[in-house]
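For reference, the chains in residue letters:
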Amino acid sequence: MSDSDSEPAGKHRPHTGRRRNDAAHEAILDAAMRLLTTAGGEPVTVDTIAREAGVGKQTIYRWWPTKGAIFLEALTRHARIEVPSPDTGSLPADLEQFLTATFHGANEPATASLLRTLAAEASGNPYVAELLREFTQTRRDALNTILERGQGRGELAADTDLGLMVDQVYGLLWYRLLLGNAPFTPGLAKRLTRTLISGHQ
C-alpha cells in the first residue's frame, strides 16, 4: 500500500451513514404525524409521507412493511415523548405526573382530532381497529408498569385489580374525549389519583 492510501495514525474517517439513517427515520415519523393531524379526512399514503419527509419510498419500505406500521410507530413515539413514565419512588407522584401528561396530550386539538378520527374509523375498518388497539395497549402497558411498581412497594393492596384501575383511567379519558361530557380540567389528574389509590390501599 502506498503512503497516499494510508490514513494518518489515530485518525479515522467519520461514518455518517448511521446518522443519516437515524435522521431519515425520525423525519418519516415526524412527517406521518404531521399528515395524520392535518389530513382533514384525506387519505394519507406512503407516497405523501415520502414527499413530506423528503425521502424515497424505498427508504420507507426498508423499515416498515405497511403504511399502518408507520402510523403505529409514529403514534407510539409521540405518546412516549409527550407522556414519559416517571419513577419517583412514590405511586401518588408517579401516577399524578403520568395522568397530567396524558390528559394534557389528549386535550391538544391536533391529537384529540386524530384520536377521534381513528376511533370513528375503527368502528367500520378492522385494520384501523387493530392499529388503534395496538396503540392503546402500549399506553395501558405504560400505566400498568407504574401501578405494578407501586404495588411492589406496598402502596397498593396485593389483591388490587390493576387492569381495572387502568380501565378506569382510560375509560374516563375516552369518555370525555369522544362524548365531551366534561373537560380535562387542571385538577383532574390529582383528583383521579387520589380516588384510585384511596380505594385500593
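## Looking at the pattern of salt bridges
1) Next: With the rule as written, the count across this model stands at nine salt bridges.
2) Next: Between Glu 52 and Arg 34 there is a salt bridge, with the nearest N and O atoms lying 2.8 Å from each other. On the criterion of sequence distance, the pair formed by Glu 52 in helix H2 (residues 46-53) and Arg 34 in helix H1 (residues 17-38) is long-range, its members being 18 residues apart.
3) Next: Relative accessible area serves as the criterion here: at 36%, Glu 52 is assigned to the partly exposed category.
4) Next: For Arg 133, the salt bridge goes to Glu 130, with nearest N and O atoms at 3.0 Å. Of this pair, Arg 133 and Glu 130 both sit in helix H7 (residues 126-152), separated by three residues, roughly a single helical turn.

## Observations regarding the packing of aromatic side chains
1) Next: Applying the stated rule across the entire model yields two aromatic pairs.
2) Next: The ring of Trp 63 has Arg 62 sitting right over it, with the charged end atom 5.4 Å from the ring centre.

## With respect to the packing of helix H6 (residues 109-122) against H7
1) Next: One way to put it is that H6 packs onto H7 with a least axis distance of 8 Å and a crossing angle of 130°. By the criterion of interaxial angle, the relationship of H6 to H7 is oblique. As H6 runs across H7, the sense of the crossing is left-handed. When H6 is examined against H7, the residues Leu 115, Leu 118, Ala 119, Glu 121 and Ala 122 are found in contact with a partner set consisting of Val 128, Ala 129, Leu 132 and Phe 135.
2) Next: Residue classes in the contact of H6 with H7 are distributed as eight nonpolar, no polar and one charged.

## Comments concerning the nonpolar core
1) Next: Counting residues in hydrophobic clusters, the biggest one holds 57 residues, and the most contacted among them are Ile 49, Phe 103 and Leu 147.
2) Next: Among the secondary structure elements, those contributing two or more residues to this core are H1, H2, helix H4 (67-82), helix H5 (91-107), H6, H7, helix H8 (162-179) and helix H9 (188-198).
3) Next: At nine residues, the largest contribution of residues to this core is made by H8.
4) Next: If we ignore the near neighbours within four places in the chain, the residues touching Phe 103 are Leu 172, Leu 173, Phe 184, Leu 188, Ala 189 and Leu 192.

## Some words on a nonpolar patch on the surface
1) Next: On the surface, Tyr 175, Leu 178 and Leu 179 cluster together into a nonpolar patch covering about 330 Å² of accessible area.
2) Next: One can find Leu 179 in helix H8.
3) Next: Classification of Leu 179 as exposed rests on a relative accessible area of 58%.

## Digging into the confidence of the model for the chain
1) Next: Of the residues in the chain, 88% have a pLDDT of 70 or more, and the chain-wide mean is 85.
2) Next: Per-element confidence in the chain ranges from a low mean pLDDT of 79 for H6 to a high of 96 for H8.
3) Next: The model gives residues 1-16 a pLDDT under 50, and that stretch makes three contacts with residues more than four places away or in other chains.

## Details of H2
1) Next: Listed as buried for H2 are Val 46, Ile 49, Ala 50 and Ala 53. Down the axis of H2, the sector holding all buried residues measures 100°, keeping them to one side.
2) Next: Once H2 ends, the next one or two residues include Gly 54, with phi positive near 75°.

## A short note on the packing of H5 against H8
1) Next: Viewed as axis vectors pointing N to C, H5 and H8 meet at an angle of 20°, and their least axial separation amounts to 11 Å. What the angle tells us is that H5 and H8 run roughly parallel. When the axes of H5 and H8 are compared, the crossing they make is right-handed. Across the interface between the two elements, Phe 98, Leu 99, Thr 102, Phe 103 and Ala 106 of H5 pack against Val 169, Tyr 170, Leu 172, Leu 173 and Leu 177 of H8.
2) Next: Here the contact of H5 with H8 is built from residues that sort into nine nonpolar, one polar and no charged.

## Some words on the side chain of Thr 76
1) Next: Considering the arrangement of structural elements, one finds Thr 76 in helix H4.
2) Next: Exposure remark for Thr 76: the relative accessible area of 13% places this residue in the buried category.
3) Next: Excluding anything up to four places from it in sequence, Thr 76 contacts Phe 135 and Thr 138.

Reading guide: rules and limits
- Residues numbered from 1 in each chain as written.
- Predicted model: local features only at pLDDT ≥ 70, side-chain atom pairs only at ≥ 80, totals over all residues.
- Heavy atoms only, no water.
- Salt bridge = Lys/Arg side-chain N within 4 Å of Asp/Glu carboxyl O.
- Helix = DSSP H or I, 4+ residues; strand = E, 2+ residues; numbered from the N terminus.
- Buried < 20%, exposed > 50% of the residue type's maximum accessible area, 1.4 Å probe, protein only.
- Phe/Tyr/Trp six-rings, centres within 6.5 Å; stacked < 30°, edge-to-face > 60°.
- Lys NZ or Arg CZ within 6 Å of the ring centre and 35° of its normal.
- Axes fitted to C-alpha atoms, helices over the stretch in contact; angles between N-to-C directions.
- Parallel < 35°, antiparallel > 145°, perpendicular 65-115°, else oblique.
- Left-handed = near helix turned anticlockwise from the far one by under 90°.
- Contact = heavy atoms within 4.5 Å.
- Nonpolar A, V, L, I, M, F, W, Y, C, P; charged D, E, K, R; others polar.
- Core = buried A, V, L, I, M, F, W, Y, C linked by side-chain atoms within 4.5 Å.
- Patch = residues over 30% accessible without salt bridge, like charges linked within 9 Å, V, L, I, M, F, W, Y side chains within 5 Å.
- Areas by Shrake-Rupley, 256 points an atom, 1.4 Å probe, with all protein chains shown as cover.
- pLDDT = per-residue confidence, 0-100.
- Arc of directions from axis to C-beta.

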